[in-house]
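Observations on the model geometry
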Amino acid sequence: MLELFWSLIVGSILGLLAGMIIGNDIRSGFFGYILIGFLGSWVGRILLGPTGPKIGGFYVIPALVGSLMCLSICSYLLQKIRQFDFY
């Protein structure tokens, strides 16, 4: 149970850090940061492997790089979706 708690905290911090670096704000708040952190750690681990320090079940460097990539892609897609006029 404690491992799940730490995973949520570290995932949200990584997502928040990625948002601060890129300068984008996820409008779904804390849940969005957790989702970006988890998704980014998965993508980063696939691309970079297990490198760097491990905190809360996440390898920090690949997770941060993956979070930056995921947040950039999600922001771009959301921007393009908002440009469509559905009426």
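About the thresholds
- Starting afresh in each chain, residues are numbered from 1 along the sequence in its written order.
- Since the coordinates come from a predicted model, pLDDT governs what is reported: local features require at least 70, and pairs of side-chain atoms require 80 or more to be given and counted, while whole-chain, interface and lining totals use all residues.
- To get the side-chain values, take all heavy atoms of the structure and skip hydrogens and water.
- Candidate patch residues must exceed 30% relative accessible area and have no salt bridge, after which like charges are joined if within 9 Å and Val, Leu, Ile, Met, Phe, Trp or Tyr side chains if within 5 Å.
- Surface accessibility in these figures is a Shrake-Rupley result with a 1.4 Å probe; residues are shielded only by whichever protein chains are displayed.
- We define a salt bridge as a contact between a side-chain nitrogen of Lys or Arg and a carboxyl oxygen of Asp or Glu at a distance within 4 Å.
- Runs of H or I in DSSP of at least four residues are treated as helices and runs of E of at least two as strands, each being numbered from the N terminus.
- The span you would expect from a helix comes to 1.5 Å times its residue count less one.
- Each residue's exposure class comes from its accessible area (1.4 Å probe, protein chains only) as a fraction of the maximum for that residue type: buried when under 20%, exposed when over 50%, partly exposed otherwise.
- The definition of a polar contact used here is a pair of N or O atoms within 3.5 Å, where within protein one atom must be able to donate a hydrogen and the other to accept one, and adjacent residues in sequence count solely through side-chain atom pairs.
- Where helices are involved, their axes are fitted lines through C-alpha atoms of the stretch in contact, as for all axes, and angles between N-to-C directions lie from 0 to 180°.
- Crossings are classed by handedness, with left-handed meaning an anticlockwise turn of the near helix from the far one by less than a right angle and right-handed meaning a clockwise turn.
- Pairs of residues are marked as contacts when any of their non-hydrogen atoms sit within 4.5 Å.
- Gly counts as polar in this scheme, as do all residues outside two lists: the nonpolar Ala, Val, Leu, Ile, Met, Phe, Trp, Tyr, Cys and Pro, and the charged Asp, Glu, Lys and Arg.
- UniProt positions are given in the numbering used here, feature names are shortened, and annotations may be inferred rather than shown by experiment.
- Note on angle classes: values under 35 degrees are labelled roughly parallel, values over 145 roughly antiparallel, values of 65 to 115 roughly perpendicular, and the remainder oblique.

Looking at a nonpolar patch on the surface
Together, Leu39, Trp42, Ile46, Leu47, Leu48, Ile61, Val65 and Met69 line one region of the surface with nonpolar side chains, adding up to about 750 Å² of accessible area. A per-element tally of the nonpolar patch places helix 2 (residues 30–48) first, with 5 residues.

Observations concerning helix 2
Counted at 1.5 Å a residue, the expected span for helix 2 with its 19 residues is 27 Å, and the 26 Å between its end C-alpha atoms agrees. Within helix 2, the full set of buried residues consists of Gly32, Tyr33, Ile34, Ile36, Gly37, Gly40, Ser41, Val43 and Gly44. Among the residues trailing helix 2, Gly49 stands out with phi positive, at a value near 80 degrees.

Examining the side chain of Ser41
Among the secondary structure elements, Ser41 is positioned in helix 2. For Ser41, a relative accessible area of 13% translates into the label buried. There is a polar contact of 2.8 Å between the side chain of Ser41 and the backbone oxygen of Phe38.

Brief notes about the packing of helix 2 against helix 3 (residues 60–83)
Interaxial distance between helix 2 and helix 3 falls to 6 Å at its minimum, and their mutual angle equals 115 degrees. By crossing handedness, the relation of helix 2 to helix 3 is classed as right-handed. Here Ile36, Gly37, Leu39, Gly40, Ser41, Val43, Gly44, Arg45, Leu47 and Leu48 of helix 2 lie close against helix 3, whose contacting residues are Pro62, Ala63, Val65, Gly66, Ser67, Met69, Cys70, Leu71 and Cys74. Taken together, the residues of the contact of helix 2 with helix 3 sort by class into 12 nonpolar, 6 polar and 1 charged.

Remarks on the UniProt feature "transmembrane region" (unreviewed entry) in the protein chain
UniProt tags residues 6–23, 30–48 and 60–78 as "transmembrane region" (unreviewed entry). Between the C-alpha atoms that bound residues 6–23 the distance is 25 Å, and the span itself is 94% helix and 0% strand. Taken end to end, residues 60–78 is 100% helix and 0% strand, and its first and last C-alpha atoms sit 26 Å apart.

Topic: the packing of helix 1 (residues 2–22) against helix 3
Here helix 1 crosses helix 3 at 55 degrees, and the two axes come no closer than 9 Å. If you check the angle between helix 1 and helix 3, you find them oblique. Where helix 1 crosses over helix 3, the two elements pack in a sense that is right-handed. Taking contact as the criterion, the partners of Leu14, Leu17, Ala18, Gly19, Ile21 and Ile22 in helix 1 are, on helix 3, Val60, Ala63, Leu64, Ser67, Leu68, Leu71 and Ser72.

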